[in-house]
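# Observations on the model geometry
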Amino acid sequence: MGERVLNNPALSKPAILALEDGSVFHGTAIGAEGITSGEVVFNTAMTGYQEILTDPSYTRQIVTLTYPHIGNTGINSEDVESASIAAAGLVIRDLPLLASSFRSEQTLSDYLKSQNVLGIADIDTRRLTRILRDKGAQNGAILAGAEAEGDDAVERALAAAKAFPGLKGMDLAKEVSCKEAYEWSEGEWALGEGYADASQGERPYHVVAFDYGVKFNILRMLAARGCRLTVVPAQTPAAEVLAMNPDGVFLANGPGDPEPCDYAIKAIQEVLETDTPVFGICLGHQLLALASGAKTVKMGHGHHGANHPVQDLDTGTVMITSQNHGFAADEATLPSNVRATHRSLFDGTLQGIERTDRPAFSFQGHPEASPGPRDVAPLFDRFIAMMQARR
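We now turn to the structure provided with this report. Quantities reported herein were computed from a predicted structural model and do not represent experimental measurements.

This brings us to the overall build of the protein chain. Scanning the protein chain from N- to C-terminus turns up 10 helices and 21 strands. Here the protein chain has a C-alpha radius of gyration of 21 Å; the compact-globule value for 391 residues is 21 Å, and the two agree. Counting only C-alpha atoms and orienting by the principal axes, one finds that the protein chain spans roughly 65 × 45 × 40 Å. Residue burial in the protein chain is summarised as follows: out of 391 residues, 58% are buried. Put simply, the protein chain shows about 15,400 Å² of open surface, and 49% of that area lies on carbon and sulfur atoms. Positive and negative side-chain charges in the protein chain, numbering 32 and 49 respectively, have mean positions lying 3 Å apart.

The structure is reproduced here in structure tokens:
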């Protein structure tokens, strides 16, 4: 497809976004027609809408982007973090008429339609963001196309919003996880070259990754650092993982509430009984905390964005991080063998932990999302160093 593609000018179908608190927004449908519900959250990142949509951590969430112009660089086949769109819906202020990038292969609108995902544009996202900021993430629903027509459309939208059960207590990791184990060998991306084939280089470390909804770029960054990766389903027992004789175990990111994931907590506890290095990101960080005896809490509106300052408590340095989570490990509940390593400078919530008695550590943000752009990548190097030291 050419460099400049017009977004579909026939975008005149109505859409409605309703929140459980009774707020209603009327806009234009930019994706599939129908109805969808989920937890409505806002993300403050200015770029990366394609990575956000395909991040499995957004499962059952309707994402509002606070940056007004979304879709202006189109969609390409490379910038995906999973095999398909994971978000339950997209809410934006403005869909530009023109999608222009030398890498663009499809418009955002066509992309949403092709994956049967609903989107709504032309609403006051600032008003919506203020509601979510002040009241916390809200359960909501989008009605698009024929569903959004008729005198009772608003009533039906509000009913759908109120019917969504909420993410607290929802175990989504096992739903989005791979069904069977697979090997991963794709490395990091370079302009004009695409993704490297990491299977050609030296791969001294065998890492088994628990897939709770893993983002591809995490796997790419591990592969680029000499890891031979075996990705296993979320419910794989620890005995099976340890039988693979891994040099390290990785706990992936993922959606939903960590607390009901008892299968994961049990497996992590068993892995921690050995001296195998363990590294967790996002949901994996929360699960490591739970497996170590700490507790997790549901946050008000969570952290979703690419400009979140986090302080390394050991060195005092501040890094700019990408964040996407609605639950957090509660620092006040950390047992004596778990140490806080990182804290958010936005709200002081816990961002990193390490075990003092085991080679295990974790980070709440997304080091693979490169917002800094390289501020947090050394966490991967630390994991490699732990595997090296164990040898």
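Membership of the largest hydrophobic core comes to 66 residues, with the highest contact counts inside it found for Tyr-212, Phe-250 and Leu-287. Element by element, the count of residues in this core is highest for helix α8 (residues 262-272), at 7 residues. Here Tyr-212 is in contact with Ala-173, Val-176, Ala-234, Leu-251, Ala-252, Asn-253, Gly-254, Pro-255, Ala-264, Ile-268, Leu-283 and Leu-287, once residues within four sequence places are set aside.

What the 7 strands build is a closed barrel, ordered β2-β3-β8-β6-β5-β4-β9; its pairing is mixed. Adjacent strand axes in the sheet meet at a mean angle of 35 degrees when their direction is disregarded. Bridge count for strand β2 (residues 14-19) against strand β9 (residues 138-144) is 5 bridges, and the pairing is antiparallel. By the bridge assignment for β9, Ala-18 is matched with Ala-141.

The subject of this paragraph is a nonpolar patch on the surface. Residues Phe-102, Trp-189 and Leu-191 make up a contiguous nonpolar surface patch of about 370 Å² in total accessible area. Within the fold, Trp-189 resides in strand β11 (residues 186-190).

Most of helix α6 (residues 216-224) sits out of view: 8 of its 9 residues are buried. Turning to α6, its buried residues are Phe-216, Asn-217, Ile-218, Leu-219, Arg-220, Met-221, Leu-222 and Ala-223. Once α6 ends, the next one or two residues include Gly-226, with phi positive near 90 degrees.

Moving on to unusual backbone geometry. One non-glycine residue, Asn-116, lies in the positive phi region at around 55 degrees. Examined against the element boundaries, Asn-116 turns out to sit in the loop between α2 (108-114) and β8 (118-121). The exposure class of Asn-116 is exposed, given its relative accessible area of 57%. Of note in this structure, Asp-122 is not a glycine but carries a positive phi near 65 degrees.

Between side chains of opposite charge, a pair can form when the charged atoms approach closely. On inspection of all chains with the given rule, the structure shows 23 salt bridges. Across the salt bridge formed by Asp-152 and Arg-156, the nearest N and O atoms sit 3.3 Å from each other. For Arg-156, a relative accessible area of 28% puts it in the partly exposed group. One connected set of salt bridges, linked through shared partners, spans Asp-314, Arg-339, Glu-354 and Arg-382.

Counted residue by residue, strand β20 (residues 350-355) has 6 buried out of 6 residues, so it is predominantly covered. When strand β19 (residues 338-344) meets β20, the two strands line up antiparallel, connected through 5 bridges. Across the sheet, residue Ala-340 finds its bridge partner in β20, namely Ile-353. The antiparallel pairing of β19 with β20 creates a hairpin that spans 5 residues between the two strands, and Gly-348 there sits at a positive phi of about 75 degrees. Relative to strand β21 (residues 360-363), β20 runs antiparallel, the two being bridged by 3 bridges.

Glancing now at the packing of aromatic side chains. Per the counting criterion, the structure on display carries 6 aromatic pairs. Between Phe-210 and Tyr-212, the aromatic rings sit 6.0 Å apart at their centres with planes inclined by 0 degrees, giving stacked as the arrangement. Residues Phe-210 and Tyr-212 agree in their burial class; the two are buried. Measuring from centroid to centroid gives 5.5 Å for Phe-279 and Phe-383, while their planes differ by 50 degrees, and the two rings are tilted. Here Phe-279 is found in strand β16 (residues 278-281), whereas its partner Phe-383 is found in helix α10 (residues 378-390), with 104 residues between them in sequence. Neither Phe-279 nor Phe-383 differs from the other in exposure class; each is buried. Here the aromatic cluster, defined as three or more aromatic residues joined through ring pairs, consists of Phe-250, Phe-279, Phe-361, Phe-380 and Phe-383. Between Arg-382 and the ring centre of Phe-361, over which it is positioned, the NZ or CZ distance is 4.1 Å.

Parameters at a glance
- Residues numbered from 1 in each chain as written.
- Predicted model: local features only at pLDDT ≥ 70, side-chain atom pairs only at ≥ 80, totals over all residues.
- Heavy atoms only, no water.
- Helix = DSSP H or I, 4+ residues; strand = E, 2+ residues; numbered from the N terminus.
- Rg over C-alpha atoms; globule rule 2.2 N^0.38 Å.
- Buried < 20%, exposed > 50% of the residue type's maximum accessible area, 1.4 Å probe, protein only.
- Areas by Shrake-Rupley, 256 points an atom, 1.4 Å probe, with all protein chains shown as cover.
- Lys, Arg positive; Asp, Glu negative; His and termini not counted.
- Charge placed at Lys NZ, Arg CZ, Asp CG, Glu CD.
- Core = buried A, V, L, I, M, F, W, Y, C linked by side-chain atoms within 4.5 Å.
- Contact = heavy atoms within 4.5 Å.
- Pairing = 2+ DSSP bridges.
- Axes fitted to C-alpha atoms, helices over the stretch in contact; angles between N-to-C directions.
- Patch = residues over 30% accessible without salt bridge, like charges linked within 9 Å, V, L, I, M, F, W, Y side chains within 5 Å.
- Salt bridge = Lys/Arg side-chain N within 4 Å of Asp/Glu carboxyl O.
- Phe/Tyr/Trp six-rings, centres within 6.5 Å; stacked < 30°, edge-to-face > 60°.
- Lys NZ or Arg CZ within 6 Å of the ring centre and 35° of its normal.

The values reported here are purely geometric and, on their own, carry no functional implication.
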